[in-house]
Structures are given as structure tokens and as C-alpha cells.
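# Tertiary structure, described
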Amino acid sequence: MPSSVPSRALVVLATAILVPAASAQMEPPPVFVREFGPVGSGPGELLGARGISATPDGILFVADSFADRVVEFDSTGVFLGQWGTTGALPGQLDYPLDIECDPWGGVYVVDNGNHRVQKFTREGQFLLQWGSAGTDPGQFVTPWGLGVGPDGSVYVGDLFDGRIQRFTADGVFLNQWGSQGNGPGEFENPIGITVDASGSVFVSDGAAQYVQKFTPAGQLLARWGGRGAAPGQFSTPFGIACDPQGNVIVADHHNFRMQKFTNDGTFLSMWGSKGTGPGQFASSHGMAIDRGGRIYILDFGQEGFVQTYVYPPLGVRSVSLSEVKSLYRR
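From a predicted model like this one, the values you see are computed outputs, not experimental measurements. (Residues numbered from 1 in each chain as written. Predicted model: local features only at pLDDT ≥ 70, side-chain atom pairs only at ≥ 80, totals over all residues. Heavy atoms only, no water.)

What follows covers the confidence of the model for the protein. Any segment with low pLDDT has predicted coordinates that should not be analysed in fine detail. Model confidence for the protein is summarised by a mean pLDDT of 88, while 87% of its residues fall at 70 or above. Confidence over residues 1-25 falls short of pLDDT 50; this stretch has 37 contacts with residues more than four positions distant or in other chains. The low-confidence segment residues 315-330, where pLDDT is below 50, has 16 contacts with residues more than four positions distant or belonging to other chains. (pLDDT = per-residue confidence, 0-100. Contact = heavy atoms within 4.5 Å.)

Below you can see the structure in the form of C-alpha cells.
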């Protein structure tokens, strides 16, 4: 799909009064805007992307797992640069699975094959690394999910070790929680991590079919989902991200859809179906949402790896002067 597909979500009547939808379940789906990042190993192409992150100002960093590199785009899909080579030396990568930007210019990459996390500048300059193979605090078995909190804490999910580890921005171990299992506070495959503006940590479990919400100390706050195709259920939840309002959007991988929830897990809406057209998904993975509410979804099987969506404005209508006066008389 060419990147010139126009958005229908940007027209607002300046003189209209905003009228919210009648109920959350009637919320319209976001509008498909464009896709970019065609399959390949050249500049601006993506070979096997798994993780994506958006800076507050809308710059995108993509972990191109099969190419052992990080690729940078602007919010419209314009290629800005790339960095990384295959290897185990500082600054090199071996199957990077997730990526996250902090508000202070740091970029963290889960370097899965090297059992470590690396921190870079936005320009790709290596800053530091931590981790090694193992199950002790600060070690990793199969690191995948990554999130950064508003205080700079870095959260890493260990896919086959059933735990979340929390570090400082410099890689100092702080605490961990979880164990292998599918009960409350446990994990089978913690794949996706996101942190909201208040510091709550959300984890999607691709095998247990749940999303769980925690405090930074690991206290369980909420849990929702379960295997299935009904609204609120999952079949391999992968990417997860919070929007500027604190709602949680989950890439429901094998149900070929996105689902939107409140911060505490109340189902709000969903969209998508199996396919390669606008608003469809073939193999969704990572997800990011920028400060403007634009949603970026990594999806194999498309002409471009990255799909962009925006929510339409609230419903609008013209009102008469008598209607306005009646509002003040109530």
C-alpha cells in the first residue's frame, strides 16, 4: 500500500460542539493512514522487525531482528538512518527483539542472542550494556519485552524464565517478580511490556493469554484476558502500548485484531481481521503509540512492515443558539 494513502481523521469543524460517543463499545475504530518499511535489507527496508518505539516527538526506532540493526523513521515513514552490525562486541547485535526510548535521549535494545540489554544515544552511539546468560538477578535466559518507566526504570521480560526484572537507567538491578506458571502474578511467556505515565507496568503473556498490571515493586493490580476469540479474550497477545489517555491497546496476534481496554482492563473496542489490506493484520508483533496518539503496528505480510493508525476526532454536529441556551438552563 503506498504511503500516500490520505487520512480521513484530520478534518474538524472549528465551530462545532464536541459530542462524545454514546458508549465506549460504540467507539469507532482508528483510521488506517499508511504503511511503510517494505521487506528487504536496504536503507528504509525491514527484514524481520519485532520491536518498535516512538519518542515523544514522534521519531520511530525499529528493532530489525533478522538484520541485527536498528532502523529510524519519522512519523510519516521517511527513513532517517540505521545502525548496528552482527556480533557480540559492545554496540553489535544478535537478534534484537525489542526497543524502547526514554524521554532523555536514551535508546535501549534487548539484544536477545547476546543475553543482554544495550543502551545507545538516538544517533546510535553505544553507551553501556548489562546482562549475561543465566537465571541470577541481572541475567537473562531469553530476554524479549522491554519497557521504560517515567522515573527512568527499565523493565525486561525474560521469556522462558517467567519473570520481570527492573533496573536503573544505568543497568543496576533493582528488583524482580514473577515465576513460571499461568496463575495471577505468574508468567508463561512475558512478551510485551509497557509502562503508563503513572508508572504502572503492563505485561502481555503470549502463552498464558493474559495481560497483567503491576506496580513498579511487582504488586499485582489487575489481570484480564483468557484464551478465546470473544471480546476481551486473546490468542497470543504480543505488542502492548498505552495511549496518552492511559488506555491499553493489545495486538491480539492469532485473532488478527487489536483490542483496546481501560487502564484497569475493561474492554472498550476492537478492530481488524485477517488479511493484508488496510485495517487487516497478517502477523502483528510490536506496537508503539506516540504523544499525539498515532498508533504504529509491526505486521509481517504487508507491503510495508509498519502500519499507522489515528483515531477520528470525537463526533461533531452543528447546534442552534436555542440548544446552547437550553444547556445553561439545565
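Moving on, there is more to tell.
Pairing is antiparallel in the open sheet, where four strands are placed in the order 15-16-17-18. Each having just a single partner strand, strand 15 (190-195) and strand 18 (220-225) make up the two edges of the open sheet. Direction aside, the axes of adjacent strands within the sheet are offset by 20 degrees on average. (Pairing = 2+ DSSP bridges. Helix = DSSP H or I, 4+ residues; strand = E, 2+ residues; numbered from the N terminus. Axes fitted to C-alpha atoms, helices over the stretch in contact; angles between N-to-C directions.)

Ring pairs (aromatic) are described by centroid distance and by the angle formed between their planes. Applying the stated rule across the entire model yields 23 aromatic pairs. Taking the centre distance of 4.6 Å and the plane angle of 45 degrees together, the rings of Trp83 and Phe120 count as tilted. Remark: Phe120 occurs in strand 9 (residues 116-121) and Trp83 occurs in strand 6 (residues 79-83); sequence separation between them is 37 residues. For the pair shown, Trp83 and Phe120 are each scored as buried. Ring geometry for Trp271 against Tyr311: centres 6.3 Å apart, planes inclined by 80 degrees, an arrangement best described as edge-to-face. (Phe/Tyr/Trp six-rings, centres within 6.5 Å; stacked < 30°, edge-to-face > 60°. Buried < 20%, exposed > 50% of the residue type's maximum accessible area, 1.4 Å probe, protein only.)

Right, let's get into the pattern of salt bridges. Going through the model one piece at a time under the given rule, you end up with 10 salt bridges. Across the pair Glu27 and Lys260 runs a salt bridge, and its minimum N-O distance is 3.0 Å. Separated by 233 residues along the polypeptide, Glu27 in the loop between strand 1 (17-18) and strand 2 (31-36) and Lys260 in strand 21 (residues 257-261) bring together distant segments of the chain. Taking the relative accessible area as the measure of exposure, Glu27 reaches 24% and is therefore partly exposed. One salt bridge connects Arg166 with Asp151, and the closest N-O pair in it is separated by 3.3 Å. Of the two residues, Arg166 is situated in strand 13 (residues 163-167) and Asp151 in the loop between strand 11 (143-148) and strand 12 (154-158); the sequence distance between them amounts to 15 residues. Judged by its relative accessible area of 51%, Asp151 is exposed. Where salt bridges share partners, they join Asp158, Asp161 and Arg163 into one cluster. (Salt bridge = Lys/Arg side-chain N within 4 Å of Asp/Glu carboxyl O.)

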